[in-house]
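Examination of the molecular architecture
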Amino acid sequence: RKEVEQDPGPFNVPEGATVAFNCTYSNSASQSFFWYRQDCRKEPKLLMSVYSSGNEDGRFTAQLNRASQYISLLIRDSKLSDSATYLCVAFTWGGGNKLTFGTGTQLKVEL
Amino acid sequence: GAGVSQSPRYKVAKRGQDVALRCDPISGHVSLFWYQQALGQGPEFLTYFQNEAQLDKSGLPSDRFFAERPEGSVSTLKIQRTQQEDSAVYLCASSLGQVNTEAFFGQGTRLTVV
C-alpha cells in the first residue's frame, strides 16, 4: 500500500463544473500537507498548502482531516486551464525530511 | 538563477553506461530532494540532503545510485551501470528547510536507457 493514495482518474468534466479530489495518507507522523499541480512534461508546482481549518484560494478549497488521515481539494467553476495532474503531498519532518507524493489525479476540463 | 536548475535536460545512455545528473538549487535553500518519476506515476522519493549532510537515502533503489552535495549547494545524482528500468524523469527540489515552506522543483532530467 502506498503511503499517499489518490484516485488516478482521469476526471473528465465540463467547463464550469465543480470537481473534488480525495487523498488518504497512512503515516500518522506526517505534519504538513500540500497540493501540487503538474502539467504534462513539466515539473510539479505548489498549488496550495492544506490546513486542518480548511483554506481557500479563489476557486480552490483544500481541507485536512487528521483523524481520518484524509485530504481533499475542491475546484469550483472549472476552467480549461485547470486541466493537469493534481498531486497530493505529505511532509514528514524529522531527522530526515521527506515529501511523499501520491500518484496524482488527472483532470481534463472540456468545452 | 532564480529557480532550481537541472542539467542535462535530456540524457540518452546505453545500458551499462554511468551517468551523472546535476542539480543547482535556489541559493540559500538548506533542503534538497531527489525524486524519480516514471511515466504516469507521481514522483518517488530517492534521497534528501540538509546542507551537505545526506540525512535520508532510503529511496535509492539500489547501490548503483549515489548522490552527493559536498559543499551544501550543487548536488549530483550518479547512476552506475544504467539499466532500462532506470529510464525516468529525475526531479530535484529545494526548500528553505522549514516545516511549511514550499519545495521548488527543477524541470527535471529525462533519462532514457537504450
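To be clear, the structure that these remarks concern was listed above.
Residues numbered from 1 in each chain as written. Chains lettered and ligands numbered in written order. Predicted model: local features only at pLDDT ≥ 70, side-chain atom pairs only at ≥ 80, totals over all residues. Heavy atoms only, no water.

Section: the overall build of chain A
When its secondary structure is counted, chain A shows zero helices and 11 strands. For chain A, the succession of helices and strands along the chain, N to C, is β-β-β-β-β-β-β-β-β-β-β. Against the globule reference of 13 Å for 111 residues, chain A gives a C-alpha radius of gyration of 14 Å, in line with a compact fold. For chain A, the spread of C-alpha atoms along the principal axes amounts to about 45 × 30 × 20 Å. Relative to its 111 residues, chain A shows a buried fraction of 45%. Sequence-distant contacts, at least 24 apart, represent 56% of the contacts inside chain A between residues at least 6 apart. (Helix = DSSP H or I, 4+ residues; strand = E, 2+ residues; numbered from the N terminus. Rg over C-alpha atoms; globule rule 2.2 N^0.38 Å. Buried < 20%, exposed > 50% of the residue type's maximum accessible area, 1.4 Å probe, protein only. Contact = heavy atoms within 4.5 Å.)

Some words on the side chain of Asp-56 of chain B
When you line up the elements, Asp-56 of chain B lands in strand 6 (residues 53-56). Buried charged residue Asp-56 of chain B carries no salt bridge. Nearest counter-charge: Lys-98 of chain A, at 4.1 Å. A polar contact is formed between the side chain of Asp-56 of chain B and the side chain of Ser-58 of chain B, at a distance of 2.6 Å. (Lys, Arg positive; Asp, Glu negative; His and termini not counted. Salt bridge = Lys/Arg side-chain N within 4 Å of Asp/Glu carboxyl O. Polar contact = N/O pair within 3.5 Å; in protein donor to acceptor, adjacent residues only side chain to side chain.)

Comments concerning the nonpolar core
Within the largest apolar cluster, 23 residues are counted, with the highest numbers of intra-cluster contacts made by Phe-21, Trp-35, Ile-71, Leu-73, Ile-75, Tyr-86 and Leu-107 of chain A. Looking at this core, the elements that each hand over two or more residues are strand 3 (19-25), strand 4 (32-38), strand 5 (45-50), strand 7 (60-65), strand 8 (70-75), strand 9 (84-92) and strand 11 (105-110) of chain A. Sequence-distant contacts of Leu-73 of chain A, defined by excluding residues within four places in its chain, comprise Val-19, Ala-20, Phe-21, Trp-35, Leu-47, Met-48, Phe-60, Thr-61 and Tyr-86 of chain A. Grouped together as the second largest cluster of nonpolar side chains are 20 residues, Cys-23, Ala-67, Ile-79 and Tyr-90 of chain B included. (Core = buried A, V, L, I, M, F, W, Y, C linked by side-chain atoms within 4.5 Å.)

Quick notes on the pairing of strand 9 of chain A
All names here are of chain A. Where burial is concerned, most of strand 9 is hidden: eight out of the nine residues are buried. Relative to strand 9, strand 4 is paired through seven bridges, and the arrangement is antiparallel. Directly across from Arg-37, in strand 9, lies its bridge partner Tyr-86. (Pairing = 2+ DSSP bridges.)

Points about the interface of chain B and chain A
Contacts between chain B and chain A engage 27 residues on the former and 21 residues on the latter. Interface area, chain B with chain A, both sides summed: about 2000 Å², of which 53% is carbon and sulfur. Seen at the junction of chain B and chain A, the total is one salt bridge. For Lys-2 of chain A, the salt bridge identified is with Glu-44 of chain B, shortest N-O distance 2.7 Å. One can count five residue pairs in polar contact (both at pLDDT 80 or more) joining chain B with chain A. Looking at the side of chain B that touches chain A, the elements that each hand over two or more residues are strand 4 (31-37), strand 5 (44-50) and strand 6 of chain B. In terms of residue class, the side of chain B that touches chain A is built from 10 nonpolar, 13 polar and four charged. (Buried area = accessible area lost by both parts, 1.4 Å probe. Nonpolar A, V, L, I, M, F, W, Y, C, P; charged D, E, K, R; others polar.)

Focus: the sheet that holds strand 6 (residues 55-57) of chain A
Residues and elements named next belong to chain A. Taking strand neighbours across the sheet as the criterion, the five strands line up as 1-3-8-7-6 in an open arrangement whose pairing is antiparallel. Unpaired on one side and paired on the other, strand 1 (4-6) and strand 6 mark the two borders of the sheet. In this sheet, adjacent strand axes meet at a mean angle of 20° when their direction is disregarded. Pairing geometry for strand 7 and strand 8, over six bridges, is antiparallel. Bridge pairing in strand 8 links Asn-65 to Tyr-70. (Axes fitted to C-alpha atoms, helices over the stretch in contact; angles between N-to-C directions.)

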